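Now for the letters of each chain:
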Amino acid sequence: MRSDIRAHYDKHKHLLYSQIEDGLARFPMEHRNNIISARNVDKFYGAFQALYDVSLNVAKGERVVICGPSGSGKSTLIRCMNGLEFHNSGIITINGVEVNERSKQLPALRQDIGMVFQQFNLFPHLTILENLTIGPIRVRGVSKVEAEERARNYLERVHIPEQADKYPNQLSGGQQQRVAIARSLCMETQIMLFDEPTSALDPEMINEVLDVMIELADSGMTMVCVTHEMGFARKVADTMIFMEAGRIVETAPPNKFFTAPDSERCRLFLSQILAH
Amino acid sequence: MPKFLKRLHWLDILILVILAVFVAVIWVRIDGTLNYKWRWDRIPNYILRYSTKYETWVPNVLLQGFIATIRISIFASILALILGVILGIARCSTNLTVRMLARTYLEFLRNIPPIVVIFIFYFFLSEQLITALNIESWARGIARQENNAVWEFLFGDMRRFPSLVSGIIVLALFESAFVGEIVRAGIQSIPKGQHEAAKSIGMGRIDTLRYIVLPQALKKVTPPLANQFITLVKDSAIISLISVQELTFKTVELVASTRLIFEAWLTTAALYFVLCFSLSMLFRRLERKSDQR
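None of these values were measured; they are calculated from a predicted model.

A. Structural view of the overall build of chain B. In terms of helices and strands, chain B carries 14 helices and two strands. Computed over C-alpha atoms, the radius of gyration of chain B comes to 24 Å, more than 25% over the 19 Å expected from 2.2 N^0.38 for 293 residues, which places it beyond the range of a compact globule. Based on the C-alpha atoms only, the size of chain B along its principal axes is roughly 75 × 65 × 35 Å. Sorting the 293 residues of chain B into buried and exposed places 40% on the buried side. For chain B, the share of sequence-separated contacts (at least 6 apart) that also reach a separation of at least 24 residues comes to 70%. Surface exposure of chain B reaches about 17900 Å², of which carbon and sulfur atoms provide 67%. Of the side chains in chain B, 33 bear a positive and 20 a negative charge, and the two mean positions are spaced by 6 Å.

Spelled out as structure tokens, the structure:
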């Protein structure tokens, strides 16, 4: 090799390396089969760091339950997964497509990811049926007839077919949350994200929502749930994740997680929420 | 004794008596000092007159002006609503240039007296616009046609069309600034969760605005928008300064030719009051009805 080329190559070697690292080394082959993959994700709100070096993989059909004290970054993490918030460093991919602020594919990506919010966030000016059909009609381009048929089908699945023509504020919290689940399902999503879906509900309504979520899990949906419902977690989770102060502290299958977690903090947290 | 009289305190009665005395004093001053000769009997003729040519009752100056004011208000409101919604959306845009342009427009119109805005617009822009679009000869063409009933119904005398258009546009521009602020407030009052829910089902920004945010925002701001509409009706008096033939302009003309100063202006005031007050009652009723749902 000519000496000047050699010198040039040596001078810029680190650049090449970092590009390779960004593209491949930090995102190795085995993670690409995962439907969701996060690698070394950091997230800041101003000076406050909400996520520290979080890495996590979710395979197709896997059910992941994330728990942890409030302010530990659970919600932030799943909100980064469908681009409602953007991480500052690291890589998050959904089906191999990167999620970031500049991505033009973000709306397309979100069509495959359903999200259920703590506060339901139904559209108050639309009837239940319209809430369910607006996504398929406006985003997926499904015909109105087909969208309505699909909507009624999913309302059946969440056990409230008779509420189709009411408005959201005429329904109870539990019913609203089930509509919100059906709204996401109507988009025929591959992944469902749940951000504390039962936290805003009255106690007597929690089970009706959890039952729907269990049925959904049984149908083979890929799910990531942030929740404190440990009974539900034990029933459906393939993987339990415990987060604290922006870090993933413990990742374990539920058997091990509930009986013999590795970290002391996790044990303490579980004893606090399972005590009574 | 009627029930409402029993609810009056002696202080209320005192205040009413003072007011009555005040009104009486003014009345006496007008009647005596000015030596004004009331000729109320002449007013009805300036509202409706009997045309011997067509052998029917036709509107005279005051009613003509009143109808023109209603026309101008309706067209200017529609235009102001369209411009205002665009302005409100622009104010919430993520694009800095768009936001700054909207802000500039708004601040100009808000911080210059309406009369000045109207003169500037009339002498600089409207002349250019009307000449460029050749509106004048087009309108004359229609005025000469035989069956121009629809045009006459919509815009009145087509020979006056150019000045009517200037009036409508300038009024709409002026009011759109306020409509824009109302719409912006409405858009910003929609909770973040609604945007997030729309995003999470894959809706883009435009769809979110069109199907989720705007319908809710506009419903929320209907009461202040209705108020702004009433303000617009009152503001329409200003465009009499650029010779638009509406109620105030017609009254000025009438007073100049007949010297019925008090009668004409009081009648005009009553007409404006009836129009605006019934509008405000109507909106209040509509609002109550929509709350019930």
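B. Spotlight on the overall build of chain A. Of regular secondary structure, chain A possesses eleven helices and ten strands. In chain A, which comprises 276 residues, the proportion classed as buried is 53%. Counting contacts in chain A only where the partners sit at least 6 residues apart, residues at least 24 apart contribute 64% of the total. Surface accessibility of chain A: about 13000 Å² in total, with carbon and sulfur atoms responsible for 50%.

C. Summary view of the nonpolar core. Residues and elements named next belong to chain A. Residues Ile181, Met192, Phe194, Met213, Met223, Met240 and Phe257 are the most contacted members of the largest nonpolar core, which totals 48 residues. Discounting residues that sit within four places of it in the chain, Phe257 has contacts with Cys67, Met240, Ile241, Phe242, Glu250, Ala252, Cys266 and Leu270. Val41, Val58, Leu106 and Met115 belong to the second largest nonpolar core, which has 40 residues in total.

D. Molecular detail of empty space enclosed by the protein. Residue and element names in this part refer to chain A. Summed over the entire model, instances satisfying the criterion amount to one cavity of 30 Å³ or more. Within this model, the largest cavity holds a volume of roughly 40 Å³. Lining the largest cavity we find Arg157, Val158, Leu185, Val212, Glu215 and Leu216. When residues of the lining of the largest cavity are assigned to their parent elements, the largest contribution, three residues, is made by helix α8 (residues 203-218). Its residues placed into classes, the lining of the largest cavity shows four nonpolar, no polar and two charged.

E. Inspection of the layout of surface pockets at higher detail. For the largest pocket, the calculated volume is near 980 Å³. Along the wall of the largest pocket there are 31 residues; nearest its centre are B:Thr94, B:His195, B:Lys199, B:Gly204 and B:Arg205. Of all the secondary-structure elements, those providing two or more residues to the lining of the largest pocket are α4 (106-111) of chain A together with α4 (61-91), α10 (192-200) and α11 (205-220) of chain B. The residue inventory of the lining of the largest pocket, partitioned by class, reads 13 nonpolar, eight polar and ten charged.

F. Spatial organisation of the interface of chain A and chain B. Contact with chain A, which involves 21 residues of that partner, is made by 17 residues of chain B. For the pair chain A and chain B, the two sides together bury roughly 1700 Å², of which 61% comes from carbon and sulfur. The largest share of the area that chain A buries against chain B comes from A:Phe123, A:His125 and A:Arg138, three residues that together contribute 30% of it. Linking chain A to chain B there are one salt bridge. A:Arg79 is the partner of B:Glu196 in a salt bridge, and the nearest nitrogen-oxygen pair spans 2.5 Å. Linking chain A with chain B are six residue pairs in polar contact (both at pLDDT 80 or more). Looking at the side of chain A that touches chain B, the elements with two or more residues in it are α4, β6 (113-116) and α5 (128-140) of chain A.

G. Local environment of the packing of helix α9 (residues 161-189) of chain B against helix α12 (residues 222-235) of chain B. Residue and element names in this part refer to chain B. Between α9 and α12, the least distance of the axes is 10 Å, while the angle of their chain directions is 160°. Classified by the angle their axes make, α9 and α12 are roughly antiparallel. Crossing handedness for the pair α9 and α12: right-handed. Residue-level contacts link Leu171, Phe174, Glu175, Phe178, Val179 and Ile182 of α9 to Pro224, Leu225, Gln228, Thr231, Leu232 and Asp235 of α12.

H. Local environment of the pairing of strand β9 (residues 239-244) of chain A. Residues and elements named next belong to chain A. With five of six residues buried, β9 lies mostly within the body of the structure. Sheet topology places strand β3 (residues 63-67) next to β9; four bridges connect them, and they run parallel. Looking across to β9, one finds that Ile66 is bridged to Ile241. Here β9 folds back onto strand β10 (residues 247-252) in antiparallel fashion, the turn holding two residues, of which Ala245 has a positive phi close to 50°.

The rules behind each value
Residues numbered from 1 in each chain as written. Chains lettered and ligands numbered in written order. Predicted model: local features only at pLDDT ≥ 70, side-chain atom pairs only at ≥ 80, totals over all residues. Heavy atoms only, no water. Helix = DSSP H or I, 4+ residues; strand = E, 2+ residues; numbered from the N terminus. Rg over C-alpha atoms; globule rule 2.2 N^0.38 Å. Buried < 20%, exposed > 50% of the residue type's maximum accessible area, 1.4 Å probe, protein only. Contact = heavy atoms within 4.5 Å. Areas by Shrake-Rupley, 256 points an atom, 1.4 Å probe, with all protein chains shown as cover. Lys, Arg positive; Asp, Glu negative; His and termini not counted. Charge placed at Lys NZ, Arg CZ, Asp CG, Glu CD. Core = buried A, V, L, I, M, F, W, Y, C linked by side-chain atoms within 4.5 Å. 1 Å grid on protein atoms, 1.4 Å probe; cavity = no way out; pocket = protein on both sides within 12 Å on 5 of 7 lines; lining within 4 Å. Points joined across faces, edges and corners; volume = space filled by probe spheres on them. Nonpolar A, V, L, I, M, F, W, Y, C, P; charged D, E, K, R; others polar. Buried area = accessible area lost by both parts, 1.4 Å probe. Salt bridge = Lys/Arg side-chain N within 4 Å of Asp/Glu carboxyl O. Polar contact = N/O pair within 3.5 Å; in protein donor to acceptor, adjacent residues only side chain to side chain. Axes fitted to C-alpha atoms, helices over the stretch in contact; angles between N-to-C directions. Parallel < 35°, antiparallel > 145°, perpendicular 65-115°, else oblique. Left-handed = near helix turned anticlockwise from the far one by under 90°. Pairing = 2+ DSSP bridges.

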